[in-house]
Amino acid sequence: MEKLKRKILKHDNIIMFFLMLLLSSSFLLAVPLDANDELWNFSNIYKMVNGYQIYEDLNVIVTPLFFLIGKIILELFGANYLVFRIYGVVILNTGISYLIYQIFKKLKMKTIHAMFFTIFFMIVQMMVLLNGFYNYLAILFVLLGIFLELKINDNKKYKSIIQGVITFAIFLSKQNVVVLYLLGRILYFLIKYGKKDAKKIFLELTTSAICLILFLMSLYITNNLPAFLDYTVGGLNEFSKNNIFGSISGLITIIAEVGISIFMIWMAKNKKIPLKEQERNHILLLASISLFMLGISYPIFNTAHVFMGSVIFIVMMIYILDLLVFKPLLYTEKMNKIKEWLLIVSVVMLLGSNLWYNMYQIKRLEEYSYGLGSPYYGVLVEEEKRKEIDEILQYIEQEEQAGRNVKIISYYANLYMNLLGRNNGEMDLPFYGNLGKDGEDGLIEQIKQLKNTKILILTQEDENYQESKKVMNYIKENYPKEGEIRQFSIYYAE
């Protein structure tokens, strides 16, 4: 046992990395194809692979890094759902969990505790939210910033430059997260250093600003700057005004976490509390960033957004519990033996269930997936969903053969457009906030230009997502209804 323990501790980074890869792959094949966030993100990247330009042709409302990396990966390894999920699920989940493990170690947490808590976090995360896409990419860079803050000595001059580049990477991943991260960083600096080391944060901001200017210049040179600003800035007001929803429990959770984060900042500053100076700095760093990162959950206070906003908070609470509770109670020789066996048994069970589950899903995949050349290769497509897709595609083909166009103005549209290799811009995802600065009126103007076109919209008004009611009502009030097909009503623009 001792020999095994020494080997594990000696090669813990490699062991944890591959363990996380395996755990992240557990749900790679589990979720069937449907019209949801995963489809919309895949569709934008798939369309980019097929030659469409982000912002200019696609109504992407966040900064582009997630999509640009995805485009490269799909071009290299195959433009299909399986490759996208490896990127969006396996790579991002592994990266986030691995950085959390490294942060725990930099916080001077005992290695076996760091292993146990990281695996626990990973399991909970995959049960709550399998993928966070560009939010997770932004969180990954936030975690990298925290890790480097702990790793690099304050007297290293290049530290501020590196942090500035990371701040820019967060901006490229999602524009609102960088504001939250910067607020947390500034609060941490003000409390820890006061005004005496203001030049450090100034250098960070200057580095980020230079990177931002170069990025905006590249968009200007490629004539994509107006479209970029249109979607990433122009639709913000409409998005925040129309998309405030979620559970009361989610809102209460965030309010409670804000209160706890503020208390932890006070605790770190209070010299009467018996903590080492390094421990105070660690708590202050995590609590300052946690306090503002909780803002990720706004304005959609559902389980997924609350969890994403709480990642740094969870890391902070695990560290504090380990520091103040687990160390005094669980660092006995007898408890160490129990923890070691629990960790080994848990890992064996997880790997065993992972192997069984993936083999089971691979067998299902052979029956319920599209072929290798399809964009939907590698994702389960249930029989009823396949029939629905085939029926809609057949309808489009029949109408086009008769000389009429078909436009599906719904969040379902990309289910069919991907197989047709087409893009209808905002019509493929007519959500509040996804319609640029002209908003709903701009999309209505596009609809007015349609001639000899069958328009398909949902028969039953959607309650789960954020489709524009104004656009749907305009279609219902201005065009004759000709019938229904599947979940859609058919209207005709002469």
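Residues numbered from 1 in each chain as written. Predicted model: local features only at pLDDT ≥ 70, side-chain atom pairs only at ≥ 80, totals over all residues. Heavy atoms only, no water.

Observations concerning the sheet that holds strand 6 (residues 488-493)
Pairing is mixed in the open sheet, where four strands are placed in the order 3-4-6-5. The sheet terminates laterally at strand 3 (405-408) and strand 5 (481-485), the two strands that pair on one side only. Strand-to-strand twist in this sheet, taken as the mean axis angle between neighbours without regard to direction, amounts to 25 degrees. (Pairing = 2+ DSSP bridges. Helix = DSSP H or I, 4+ residues; strand = E, 2+ residues; numbered from the N terminus. Axes fitted to C-alpha atoms, helices over the stretch in contact; angles between N-to-C directions.)

Thoughts on the confidence of the model for the chain
Any residue range with low pLDDT should be treated as having predicted coordinates unsuitable for detailed reading. Confidence along the chain averages 87 in pLDDT terms, with 92% of residues attaining 70 or more. At the low end of the mean pLDDT range in the chain sits helix 12 (residues 236-242), at 59; at the high end sits helix 4 (residues 65-77), at 96. (pLDDT = per-residue confidence, 0-100.)

Overview of the pattern of salt bridges
In total, this model carries 20 salt bridges according to the counting rule given. With a shortest N-O distance of 2.7 Å, K105 and D12 are connected by a salt bridge. Here D12 lies in helix 2 (residues 12-24) and K105 lies in helix 5 (residues 81-106), a separation of 93 residues in the sequence. Owing to a relative accessible area of 24%, K105 belongs among the partly exposed residues under this scheme. (Salt bridge = Lys/Arg side-chain N within 4 Å of Asp/Glu carboxyl O. Buried < 20%, exposed > 50% of the residue type's maximum accessible area, 1.4 Å probe, protein only.)

Details of the nonpolar core
Within the largest apolar cluster, 138 residues are counted, with the highest numbers of intra-cluster contacts made by F66, I408 and Y416. Broken down by element, this core gets its largest block of residues, 13 residues, from helix 7 (residues 134-151). With 16 residues, the next largest nonpolar core counts L443, I444, Y474 and A493 among its residues. (Core = buried A, V, L, I, M, F, W, Y, C linked by side-chain atoms within 4.5 Å.)

Digging into the packing of aromatic side chains
Scanning all chains against the criterion turns up 31 aromatic pairs. Relative to F431, the ring of W40 has its centre 5.0 Å away and its plane inclined at 90 degrees; by these criteria the two rings are edge-to-face. With W40 in helix 3 (residues 37-49) and F431 in the loop between helix 19 (413-420) and helix 20 (439-448), the pair connects residues that are 391 residues apart, well separated along the chain. Seen from their ring centres, F168 and F215 are 6.3 Å apart, and the 65 degrees between their planes marks the pair as edge-to-face. In this pair, F168 sits in helix 8 (residues 158-173) while F215 sits in helix 10 (residues 198-221), placing the two residues 47 residues apart along the sequence. (Phe/Tyr/Trp six-rings, centres within 6.5 Å; stacked < 30°, edge-to-face > 60°.)

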